2 protein chains.
Amino acid sequence: MRIASWNVNGLRACSKKGFGDWLSGAGADIVGVQEVRANEEQIPNEVRNPEGFATHFVAAERPGYSGVGLFSRETPDEIETKLGVEEFDAEGRLQIARFGKLQVVNCYFPNGNGKERDNSRVPFKLDFYRALFDRLEKGLRDGEPILVMGDFNTAHRPVDLARPKQNEDTSGFLPEERDELDRWLRNGFVDTFRHFHPEAKDRYSWWSQRFNVRAKNIGWRIDYVLASPGAMPYVKAADILHDVMGSDHCPVVVDVAPDACR
Amino acid sequence: MRIASWNVNGLRACSKKGFGDWLSGAGADIVGVQEVRANEEQIPNEVRNPEGFATHFVAAERPGYSGVGLFSRETPDEIETKLGVEEFDAEGRLQIARFGKLQVVNCYFPNGNGKERDNSRVPFKLDFYRALFDRLEKGLRDGEPILVMGDFNTAHRPVDLARPKQNEDTSGFLPEERDELDRWLRNGFVDTFRHFHPEAKDRYSWWSQRFNVRAKNIGWRIDYVLASPGAMPYVKAADILHDVMGSDHCPVVVDVAPDACR
DNA sequence: CTTCAGACG
DNA sequence: CGTCTGAAG
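Residues numbered from 1 in each chain as written. Chains lettered and ligands numbered in written order. Predicted model: local features only at pLDDT ≥ 70, side-chain atom pairs only at ≥ 80, totals over all residues. Heavy atoms only, no water.

Rules: UniProt positions are given in the numbering used here, feature names are shortened, and annotations may be inferred rather than shown by experiment.
In the annotation of an unreviewed UniProt entry, the entry for chain A reads Exodeoxyribonuclease III, and the organism field reads Vulgatibacter incomptus. Entered under Sequence similarities (unreviewed entry) in the UniProt record, the comment concerning chain A runs "Belongs to the DNA repair enzymes AP/ExoA family."

Written as structure tokens, this is what we have:
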């Protein structure tokens, strides 16, 4: 069973670049997308109701901003979309879908950049991280199988971005952001890609659109699938699909034994 | 001597579609453009400083809005750009250029559509018409040669638009707008195109960008070169260059005896 | 339907 | 650098 996460940077734009074809051909059973940047009515029909998938979308209140979506071959038993904090819930960043006993969390973590191209939104970002962690903590402790996938907007370690030195003051690689991600991992979540590829270098999931930098592979690994200890026994592989085009991010995937849901 | 007027609907966009080539190949001695939608620094250099032309640009205060420009093989003796009314002069709509004794007025008359897609800006439009008329009236009476070219945003008569019946409540063909244009003509200005082509039908200078309507020639004649009685003896021909692409308007031209300037 | 600005990333 | 909204035409 393949589970994929992709920040599509506008699902309407990505659809024009072949999202529908990728979805039908990728062999994925569950796909979470981030930065949909549209409400459901605006999404072209072949992607809004794709053959063979159940869909669920959460839009931000602000038009054209944020938003997440979930495509799944089986309809989830339930989906939660709120943390109970108005500022977070207004931005369409979260889906917690349950498939049997497996929880699949699709999340678009906030970008830390503020209006003035400063780091003024970092506190909001960290508060969001903490609120979601708090929401998941009990299940984590109870050994439930949980996968948290999405655009975390944070590179964990120097090896996870091409230019660590130049970016120590850049949101996405600030010490306090890395510390927060560390805390998730210390508390049991596993960075599945790093688990299966402990020595991998130059493996990124996002490249700036400026200067045609993707061709030179000057990127960041900021999209993850984290697995709880209760989920890890089912996780068989993890990968980054760096050759899939259509967005400034590429998909990241895990392969999971189907009995994770039972 | 050929004098041309063209609403370019963004000089940057029009430049990408060949404005520079048209300018060098059109055989025009004076070209007035409207809706430049850029300040001088933003204009690509081959159009900002084209070989063989003097240039003069007037930008609106609001970025990306309105703006007029003048290209001329001879440098004008003087250029005036203001009517002395702050609301008008802030919008970069006017150049009054003198070449010897000939006055060439390049003007982007206001569109009558308001914010809510209503006709709320019609009063402003008519006030602008009146202020410019007042500015030109003395020269008109004194028999000076004056050409007023530009986007008047008004079709004069039913023959000047493809769908007169459907547009009696649309700004651009309102009775009060047509009356104002009538007043200019009653006071001596000559619609040069109509003068040389009294029976012409289906000759338009603007087509809506919606529904690909230009191919069907469902348009409006709202761009004119008006000539004062003092200028008429020099005006030898007038035309509409409907096959010139690059904007939702096309150029309109007059051919004038060169001694109009002496 | 298209231009441009400005927000955001 | 690109995706969107929103104003404007």
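So much for the structure itself; the text now carries on.
**Some points on the nonpolar core**
Stated formally: As used here, the term nonpolar core means buried Ala, Val, Leu, Ile, Met, Phe, Trp, Tyr and Cys residues forming a set that is joined through side-chain atoms within 4.5 Å. The buried label goes to any residue with under 20% of its type's maximum accessible area, the exposed label to any with over 50%, and the partly exposed label to all in between, with areas taken from a 1.4 Å probe on protein chains only. Numbered from the N terminus, helices here are DSSP runs of H or I no shorter than four residues, and strands are runs of E no shorter than two. Contact between two residues is taken to exist if any of their heavy atoms lie within 4.5 Å; hydrogens are not considered.
By size, the foremost hydrophobic cluster in this structure holds 29 residues, and its most contacted members are A:Ile3, A:Ile30, A:Leu147, A:Met149, A:Val235, A:Val254 and A:Val256. Of all the secondary structure elements, the ones that give two or more residues to this core are β6 (94-99), β7 (102-108), β8 (146-151), β12 (223-227), β13 (235-240) and β14 (252-256) of chain A. Discounting chain neighbours no more than four positions away, the residues touching A:Val235 are A:Leu147, A:Thr192, A:Phe196, A:Ala227, A:Val254, A:Asp255 and A:Val256. With 28 residues, the next largest nonpolar core counts B:Ala97, B:Phe193, B:Val225 and B:Ala257 among its residues.

**Remarks on helix α5 (residues 122-141) of chain A**
All names here are of chain A. Definition in use: Residue count minus one, scaled by 1.5 Å, sets the expected span of a helix. To obtain the bend at a residue, axes are fitted to the seven residues ending there and to the seven starting there, and the angle between these axes is taken.
With 20 residues, α5 should reach 28 Å at 1.5 Å per residue; the first-to-last C-alpha distance of 27 Å fits that figure. Taken as a whole, α5 carries its principal kink of about 35° at Arg135. Here α5 has its buried residues at Val122, Phe124, Lys125, Leu126, Phe128, Tyr129, Ala131, Leu132, Phe133, Leu136, Gly139 and Leu140. Its buried side turned inward, α5 meets α4 (86-89), β6, β7, β8 and α6 (175-186).

**Section: the pattern of salt bridges**
Where charged atoms from two side chains of opposite charge approach closely, those side chains can pair. Residue and element names in this part refer to chain A. Worth spelling out the cut-off: Salt bridges are defined as contacts in which a side-chain nitrogen from Lys or Arg sits within 4 Å of a carboxyl oxygen from Asp or Glu.
One pass over the structure, following the stated rule, counts 32 salt bridges over all chains. We note a salt bridge from Arg135 to Glu80, for which the minimum N-O separation is 2.8 Å. Of this pair, Arg135 sits in helix α5 while Glu80 sits in strand β5 (residues 78-80); the two residues are 55 residues apart in sequence, bridging distant segments of the chain. It is possible to trace a salt-bridge network through shared partners that takes in Asp127, Arg130, Glu180 and Arg183.

**With respect to the protein's contact with DNA strand C**
Cut-off, in case you're wondering: Residues are counted as near a molecule or strand when any one of their heavy atoms sits within 4 Å of it. Any pair of nitrogen or oxygen atoms within 3.5 Å is treated as a polar contact; in protein, a donor-acceptor pairing is required on top of that, and neighbouring residues in sequence qualify only through side-chain atoms on both sides. We call Asp, Glu, Lys and Arg charged. Ala, Val, Leu, Ile, Met, Phe, Trp, Tyr, Cys and Pro are nonpolar, and the rest, Gly among them, are polar.
Among the 22 residues in the neighbourhood of DNA strand C, the closest are listed as A:Arg62, A:Tyr65, B:Lys17, B:Arg37 and B:Gln209. Sugar plus phosphate, as a fraction of atoms of DNA strand C within 4 Å of the protein: 79%. Interatomic distance of 2.9 Å between a side-chain N/O atom of B:Lys17 and a phosphate oxygen of DNA strand C. When its residues are assigned to classes, the surface near DNA strand C shows 5 nonpolar, 8 polar and 9 charged.

**Quick word on the sheet that holds β13(A)**
Residue and element names in this part refer to chain A. Applied cut-off: At least two DSSP bridges between two strands are required for those strands to pair. Helix axes are fitted only over the stretch in contact, all axes being lines through C-alpha atoms; the angle between N-to-C directions runs from 0 to 180 degrees.
Strand order in this open sheet of 6 strands is β3-β4-β2-β1-β14-β13, and the pairing throughout is mixed. This sheet does not close on itself; its edge strands, each paired only once, are β3 (54-58) and β13. Put simply, the sheet's adjacent strands are angled 10° from each other on average, direction ignored. Where β3 meets strand β4 (residues 68-72), 5 bridges bridge the pair, whose relative direction is antiparallel. When the sheet's bridge partners are listed, His56 is paired in β4 with Leu70.

**Remarks on the pairing of β6(A)**
All names here are of chain A. β6 sits mainly inside the fold: 5 of its 6 residues count as buried. By the bridge criterion, 3 bridges tie β5 to β6 in an arrangement that is antiparallel. For Glu80, the partnering residue across the bridge sits in β6 and is Ile96. Across 6 bridges, the pairing between β6 and β7 is antiparallel. Bridging from a neighbouring strand, Gln95 pairs with Asn106 of β7. Between the end of β6 and the start of β7, which pair antiparallel, lie 2 residues, with Gly100 showing a positive phi angle near 60°.

**Quick word on the UniProt feature "active site" (unreviewed entry) in chain A**
All names here are of chain A. When the UniProt feature table is mapped to this numbering, "active site" (unreviewed entry) covers Tyr108, Asp151 and His249. These residues run over 142 residues, yet every pair of their C-alpha atoms falls within 12.5 Å of each other. Tracing the backbone shows Tyr108 in strand β7. Ignoring anything within four residues of it in the chain, the contact list for Tyr108 reads Asn7, Gln34, Glu35, Ser66, Val68, Arg93, Asp151 and Asn153. For Tyr108, the side chain forms a polar contact with the side chain of Glu35, separated by 3.4 Å. Along the chain, Asp151 falls in strand β8. We classify Asp151 as buried; its relative accessible area is 1%. If we ignore the near neighbours within four places in the chain, the residues touching Asp151 are Asn7, Gln34, Cys107, Tyr108, Phe109, Ile222, Asp223 and His249. For Asp151, the side chain forms a polar contact with the side chain of Asn7, separated by 2.9 Å.

**Let's talk about the UniProt feature "site: Important for catalytic activity" (unreviewed entry) in chain A**
All names here are of chain A. This chain's UniProt record puts "site: Important for catalytic activity" (unreviewed entry) on Asp223. Classification of Asp223 as buried rests on a relative accessible area of 2%. Setting aside chain neighbours within four positions, we find Asp223 in contact with Asn7, Gln34, Gly150, Asp151, Ser205, Trp206, His249 and Val252. A polar contact of 2.6 Å, which involves the side chain of Asp223, links it to the side chain of Ser205.

**What about the environment of A:His197?**
All names here are of chain A. Mapped onto the fold, His197 is located in the loop between α7 (192-196) and β10 (206-207). His197 sits in the partly exposed class, given a relative accessible area of 24%. Taking the C-alpha atoms as reference points, His197 and Glu176, 21 residues apart in sequence, are found 25 Å from one another. Within polar-contact distance, the side chain of His197 engages the backbone oxygen of Ala238 at 2.7 Å.

**A word on the packing of aromatic side chains**
All names here are of chain A. Inclusion rule: Stacked, tilted and edge-to-face are the three classes applied to pairs of Phe, Tyr and Trp rings, where Trp contributes its six-membered ring and a pair requires centres within 6.5 Å; stacked means planes under 30 degrees apart, edge-to-face means over 60, and tilted covers the rest.
Tallied over the full model, the rule gives 38 aromatic pairs over all chains. For the ring pair Phe57 and Phe71, a centre distance of 5.8 Å and an interplane angle of 90° mean the geometry is edge-to-face. Taken as a pair, Phe57 in strand β3 and Phe71 in strand β4 lie far apart in primary sequence, 14 residues in all. You'll find Phe57 and Phe71 in the same group, each marked buried. An aromatic cluster of at least three residues, connected via ring pairs, comprises Phe88, Phe109, Phe124, Phe128, Tyr129, Phe133, Phe152, Trp184, Phe189 and Tyr224.

**What about a positive patch on the surface?**
Residues and elements named next belong to chain A. Filter applied, for reference: A residue counts toward a patch only above 30% relative accessible area and without a salt bridge, and it is joined to like-charged neighbours within 9 Å or, for Val, Leu, Ile, Met, Phe, Trp and Tyr, to nonpolar neighbours within 5 Å. Shrake-Rupley sampling with a 1.4 Å probe provides the accessible areas, and residues are treated as covered by the protein chains on show and by no other component. We score Asp and Glu as negative and Lys and Arg as positive, and we do not count His or the chain ends. One atom stands in for each charge, and that atom is NZ of Lys, CZ of Arg, CG of Asp or CD of Glu.
Taken together, Arg12, Lys16, Lys17 and Arg37 make up a surface patch of like positive charges. Here Arg12 is to be found in helix α1 (residues 11-16). Of the residues examined, Arg12 reaches a relative accessible area of 33% and is grouped as partly exposed.

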